[in-house]
Every structure is written in C-alpha cells, then in structure tokens.
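The primary structure of each chain is shown beneath.
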Amino acid sequence: MWINHVWLGFLGLVFGLSVASGSFALAVKLGIIPQMAEKSKTAKHIMTYENAIILGGVCGNILSVFPDIHFPAGHLFLGLFGLGAGIFVGCMAVALAEIINAYPIVYRRLHLKMGLQWLVVSIALGKMCGCLYYFMKGFQDL
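In this text, all values refer to a predicted model and were calculated from it rather than measured experimentally.

Undergrad: Hey, could you run me through the layout of surface pockets in this one?
TA: A water-sized probe rolled over the atoms picks out the places where empty space is left. In this structure, the largest pocket occupies an estimated 1700 Å³ of space. Here the lining of the largest pocket takes 15 residues from helix H3 (residues 46-65), the largest share from any one element. When grouped by side-chain class, the residues that make up the lining of the largest pocket number 32 nonpolar, nine polar and one charged. Lining the second largest pocket we find 17 residues, and of these Gly-86, Ala-124, Lys-127, Met-128 and Cys-131 sit closest to its centre. Breaking the lining of the second largest pocket down by element, the ones donating at least two residues are helix H4 (74-99) and helix H6 (116-137). In terms of residues, the lining of the second largest pocket owes the most to one element, H6, which gives nine residues. Considered class by class, the residues forming the lining of the second largest pocket number 13 nonpolar, three polar and one charged.

Undergrad: Before we go on, may I ask you to explain the packing of helix H2 (residues 32-39) against H3 in this structure?
TA: Helix packing geometry: the angle between the two helix axes and the distance between the axes. Contact pair H2 / H3: the axes reach a minimum separation of 10 Å and the direction vectors enclose 135°. One element, H2, and the other, H3, form an angle in the oblique class. With respect to the hand of their crossing, H2 and H3 are arranged in right-handed fashion. The segment H2 lies against H3, with Ile-33, Pro-34 and Ala-37 engaging Ile-46, Tyr-49 and Ile-53. Looking at the contact of H2 with H3 residue by residue, the class counts come to six nonpolar, no polar and no charged.

Undergrad: Can you walk me through the nonpolar core in this structure?
TA: Generally speaking, soluble globular proteins have nonpolar side chains that are buried together. One finds Ala-27, Leu-30, Ile-32, Ile-33, Met-92 and Ala-95 forming the largest nonpolar core, which totals six residues. Sorting the residues of this core by element identifies helix H1 (2-30), H2 and H4 as the ones contributing at least two each.

Undergrad: Whenever I open this one, a nonpolar patch on the surface confuses me. Can you help?
TA: Taken together, the side chains of Ile-54, Val-58, Ile-62, Leu-63, Val-65, Phe-66, Ile-69, Phe-71, Phe-77, Leu-78 and Phe-81 make up a nonpolar region of the molecular surface, amounting to roughly 1100 Å² of accessible area. Only H3 and H4 provide two or more residues apiece to the nonpolar patch. Here the element with the most residues in the nonpolar patch is H3; it accounts for five residues. Its location among the elements puts Leu-78 in helix H4.

Undergrad: What should I look at first to understand the environment of Ala-97 in this one?
TA: Assignment of secondary structure puts Ala-97 in helix H4. In this structure, the C-alpha to C-alpha distance between Ala-97 and Leu-30, residues 67 residues apart in sequence, is 9.7 Å.

About the criteria used
- Residues numbered from 1 in each chain as written.
- Predicted model: local features only at pLDDT ≥ 70, side-chain atom pairs only at ≥ 80, totals over all residues.
- Heavy atoms only, no water.
- 1 Å grid on protein atoms, 1.4 Å probe; cavity = no way out; pocket = protein on both sides within 12 Å on 5 of 7 lines; lining within 4 Å.
- Points joined across faces, edges and corners; volume = space filled by probe spheres on them.
- Helix = DSSP H or I, 4+ residues; strand = E, 2+ residues; numbered from the N terminus.
- Nonpolar A, V, L, I, M, F, W, Y, C, P; charged D, E, K, R; others polar.
- Axes fitted to C-alpha atoms, helices over the stretch in contact; angles between N-to-C directions.
- Parallel < 35°, antiparallel > 145°, perpendicular 65-115°, else oblique.
- Left-handed = near helix turned anticlockwise from the far one by under 90°.
- Contact = heavy atoms within 4.5 Å.
- Core = buried A, V, L, I, M, F, W, Y, C linked by side-chain atoms within 4.5 Å.
- Buried < 20%, exposed > 50% of the residue type's maximum accessible area, 1.4 Å probe, protein only.
- Patch = residues over 30% accessible without salt bridge, like charges linked within 9 Å, V, L, I, M, F, W, Y side chains within 5 Å.
- Areas by Shrake-Rupley, 256 points an atom, 1.4 Å probe, with all protein chains shown as cover.
- Salt bridge = Lys/Arg side-chain N within 4 Å of Asp/Glu carboxyl O.

Okay, structure coming up:
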C-alpha cells in the first residue's frame, strides 16, 4: 500500500517538474522578463525577478496541490495577486502574439498606418472588461 503512495508521489513530482519546466521555457523563449526589466530600466535587478518567479511558482504549486493550506492574507492581497496574475498573463499573450507576428499582419490587412497604440489599448481594455464581467457575474451564470 505504501509503495503506491510513494510511486504516485514520485510520478506527481516528475510530471509537475516537466510541466513547470515547459511553462518556464515558454516564458524564457518569449523573453518576457528581460524585456520588462529593460523597459522599466531595472535590468540590474534581474536576479530578483528570477527569484520572485521561482518563489511564485513554488508557492503556487504548494497552494494548488495542498488545498487545505490556508493563506490568511485578506482581500487586499487577493486583489494584488489578481492584478499581478492578470498583468503576467497579458504580457505572456502579447509576447506570444509578437513572436508569431500577429499584430503586424493585422495592421497590414486593415491598412492601418496611424493609431496603432489605440488599437492595442482597446484590445487590452476589452480583455479587461470581459474578465471583470466574467468574474463579477460569476462562473455558474455563464
């Protein structure tokens, strides 16, 4: 009986490491962290960024694998976490679209020469409004 638990624990660890390495490899390939560090002029703190990503991944995995662990930080932390997670997912989506050259193709097909920044802002605002509606309305109503 205990060998089954050990085997399942080992498989969970191996599969979790493979999924995490794939996620981190995608983030590294997209160049999100170095690009954000360069844009914010904080490239000298790149080790802090890397440590924060590792710590966030480990803590997120622990909290998702062990749902009985409660993290009593309140609604303020939940809002900050949601904001940070949303920014990260948005940056990931934009970086992926940039890698596959989605925006230049759309601009060329729509014959856009001016106002490109407004198109990007409107896409971001639309995504934000859709997410806010989805989370405020509730999951079961949709």
